[in-house]
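Listed below are the residues making up each chain.
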Amino acid sequence: MKKFSIDIIVSFIFLAYFGVVQGDLNINDYGGKPNSDITEAFKKVWTEACASTSAVKIVIPSGNYRTNGIVAEGPCKAPIEVQVDGIFQAPSDINSMPKSDQWIRFGTMDHLTVSGNGVFDGQGAATWKQSSAAWSKNHNVNQKVSQNLGFYFVNNSIVTGITSKDSKNFHFMIYGCENITLDAVKISAPGDSTNTDGVHLGKSTDVKILNIDIATGDDCVSLGDGCRKVLVQNVKCGPGHGISVGSLGRFTQEDNVEGLIVKNCTISDTENGLRIKTWPAGPGTITITDMNFEDVTMVSVRNPIIIDQEYCPWNTCNKKVIITINFEDG
Ligand SMILES: *[C@@H]1O[C@H](CO)[C@@H](O)[C@H](O)[C@H]1NC(C)=O
Ligand SMILES: *[C@@H]1O[C@H](CO)[C@@H](O)[C@H](O)[C@H]1NC(C)=O
Ligand SMILES: *[C@@H]1O[C@H](CO)[C@@H](O)[C@H](O)[C@H]1NC(C)=O
């Protein structure tokens, strides 16, 4: 109670002193000008937005902006919207980026909105080349991961309008989130780009992936362990590797996957359509329940429906012991 009233007094003083509190926070006013590196400007504007006790919007107007990496962490005091109308460009050389799984990462937030018609351009071409060269040599991608956008422990949030383009690795990584919606975003990378999954989910509940065109080089949507209540609707996938559950069962501590609905989707020019893959000889039992696929159109798909309980690429496991999987309700 005491803390609350202090906040109110502080914001009244702030209001009285500066006159405005309601207006949007424009990154240009924090030193983040088009055709420049906006990493520091973003840090400043995020710090101010995160401390705001009323809902606040950060605006990135149209223009090209460079950044090697952004980490936007909460918890914050009130809902934040980040409206991106500009084009964010990553360096094409992955070695000039900080060691981080994501190029742009939002973490530990409640009520985040990312909107606008902006583009996150991961400039992945050089990295795909290196990855596939390393891969064909020893089936090992011995380099840093740089997914375009990460949402870690972000609840009650919406991502809409923006485009993720030419990510060096996965486009969207959603991990540990509860009630998050990706609506009408665009995802694009060439069909032969390496490891560019469209949306990967891990340990998240109540996720909606709606109205998205995904053209990429790996799975359009993939679900890792611990995902519950996932809806994939009105999604076009292709080129890419289809919609995938797994791979699962490779490690000891994996959580069950339950409640997937894939509805009114078109999958075209892909390697797989709908796939569930688990590793053999897994150390534990994992249950995959309540998988629903309805109204899915497939055009030029090599393996339309594929359930692979012996997923064991490049003989990296013991195929003799088969993990127990219970398929129920579909
Ligand atoms: C998100 O929701 C989970 C489950 O209700 C909760 O444990 C966690 O603290 C929430 N995180 C934030 C950042 O609000
Ligand atoms: C999920 O998040 C959205 C966006 O913040 C919100 O409008 C909605 O009420 C949330 N749903 C639940 C069940 O909390
Ligand atoms: C099915 O999805 C397509 C987009 O892929 C959309 O245009 C169409 O309106 C959807 N149909 C229904 C009944 O929601």
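Keep in mind it's a predicted model, so treat the numbers as computed, not measured.

### Here we look at the state of the cysteines
In a disulfide, the sulfur atoms of two cysteines are covalently bonded to one another.
Phase 1: Enumeration over the complete set of coordinates arrives at two disulfides.
Phase 2: Across a sulfur-sulfur distance of 2.1 Å, C50 and C76 are joined as a disulfide pair. Between C50 and C76, the S-S dihedral sits near -95°, and the bridge is therefore left-handed. Taken together, the residues C50 in helix α2 (residues 39-51) and C76 in the loop between β5 (70-73) and β6 (80-84) connect sequence positions 26 residues apart.
Phase 3: Between the sulfur of C220 and that of C237 lies a disulfide, 2.1 Å long from S to S. Handedness here is read from the sign of the S-S torsion; for C220 and C237, about 80°, the answer is right-handed. Placement of C220 in the loop between β17 (205-215) and β18 (221-223) and of C237 in strand β19 (residues 228-237) is noted, with a sequence separation of 17 residues between them. No difference in accessibility class separates C220 from C237, as the two residues are buried.
Phase 4: Unpaired in terms of disulfides, C227 finds its nearest cysteine sulfur in C177, a separation of 9.8 Å.
Phase 5: Among the residues examined, C227 registers a relative accessible area of 1% and is labelled buried.

### Things to note about the environment of G284
Phase 1: You can see G284 is positioned in the loop between β21 (257-278) and β22 (288-308).
Phase 2: A relative accessible area of 26% means that G284 is categorised as partly exposed.
Phase 3: For the pair formed by G284 and Q253, sequence separation is 31 residues and the distance between their alpha carbons is 7.5 Å.

### Some details on the packing of aromatic side chains
Phase 1: Per the counting criterion, the structure on display carries ten aromatic pairs.
Phase 2: Look at F153 and Y175: their rings are 5.9 Å apart centre to centre, the planes differ by 85°, and that puts the pair in the edge-to-face class. Residue F153 is found in strand β11 (residues 147-160), and its partner Y175 is found in strand β13 (residues 172-175); the two are separated by 22 residues along the sequence.
Phase 3: Through successive ring pairs, a cluster of aromatic residues spans F42, W46, F106 and F151.
Phase 4: Across the ring face of Y152, the terminal group of R105 is positioned such that the distance to the ring centre comes to 4.0 Å.

### Quick word on the confidence of the model for the protein chain
Phase 1: Per-residue confidence for the protein chain gives a mean pLDDT of 88; residues scoring 70 or more make up 86%.
Phase 2: Scored below 50 in pLDDT, residues 8-21 makes seven contacts in the model with residues more than four places away or belonging to other chains.

### Side note on the site of ligand 3
Phase 1: Taken together, N234, K236 and N264 make up the full set of residues near ligand 3.
Phase 2: Relative to its unbound accessible surface of 370 Å², ligand 3 loses 38% to contact with the protein.

### Some points on the pairing of β21
Phase 1: Two elements, β19 and β21, share seven bridges in a ladder whose sense is parallel. In the sheet register, R228 faces β21, and the bridge partner there is E258.
Phase 2: Summarising the sheet, β21 and β22 pair through 16 bridges and their orientation is parallel. The residue bridging K277 from the neighbouring strand is D308, located in β22.

### As for unusual backbone geometry
Note: most residues except glycine have negative phi, and most peptide bonds are trans.
Phase 1: The linkage connecting G74 with the following residue, P75, adopts the cis geometry, with an omega of 0°.
Phase 2: In this fold, P75 is placed in the loop between β5 and β6.
Phase 3: Residue S247 is reached from G246 by a cis peptide bond, and omega for that bond is 20°.
Phase 4: Here K229, not a glycine, exhibits a phi torsion of approximately 55°, which is positive.
Phase 5: Relative to the assigned elements, K229 resides in strand β19.
Phase 6: Despite not being glycine, N264 shows a phi value in the positive range, around 45°.
Phase 7: Here N264 lies in strand β21.
Phase 8: On the basis of relative accessibility, which here comes to 41%, the residue N264 falls in the partly exposed class.

### Points about the UniProt feature "active site" (unreviewed entry) in the protein chain
Phase 1: UniProt marks H241 with the feature "active site" (unreviewed entry), using the numbering shown here.
Phase 2: Checked against the element boundaries, H241 lands in the loop between β19 and β20 (243-248).
Phase 3: Within the structure, H241 has its side chain in polar contact with the backbone oxygen of G217 (distance 3.1 Å).

The rules we used
- Residues numbered from 1 in each chain as written.
- Chains lettered and ligands numbered in written order.
- Predicted model: local features only at pLDDT ≥ 70, side-chain atom pairs only at ≥ 80, totals over all residues.
- Heavy atoms only, no water.
- Disulfide = S-S within 2.5 Å.
- Helix = DSSP H or I, 4+ residues; strand = E, 2+ residues; numbered from the N terminus.
- Buried < 20%, exposed > 50% of the residue type's maximum accessible area, 1.4 Å probe, protein only.
- Phe/Tyr/Trp six-rings, centres within 6.5 Å; stacked < 30°, edge-to-face > 60°.
- Lys NZ or Arg CZ within 6 Å of the ring centre and 35° of its normal.
- pLDDT = per-residue confidence, 0-100.
- Contact = heavy atoms within 4.5 Å.
- Near = heavy atom within 4 Å.
- Areas by Shrake-Rupley, 256 points an atom, 1.4 Å probe, with all protein chains shown as cover.
- Pairing = 2+ DSSP bridges.
- UniProt positions renumbered as here; feature names shortened; annotations may be inferred.
- Polar contact = N/O pair within 3.5 Å; in protein donor to acceptor, adjacent residues only side chain to side chain.

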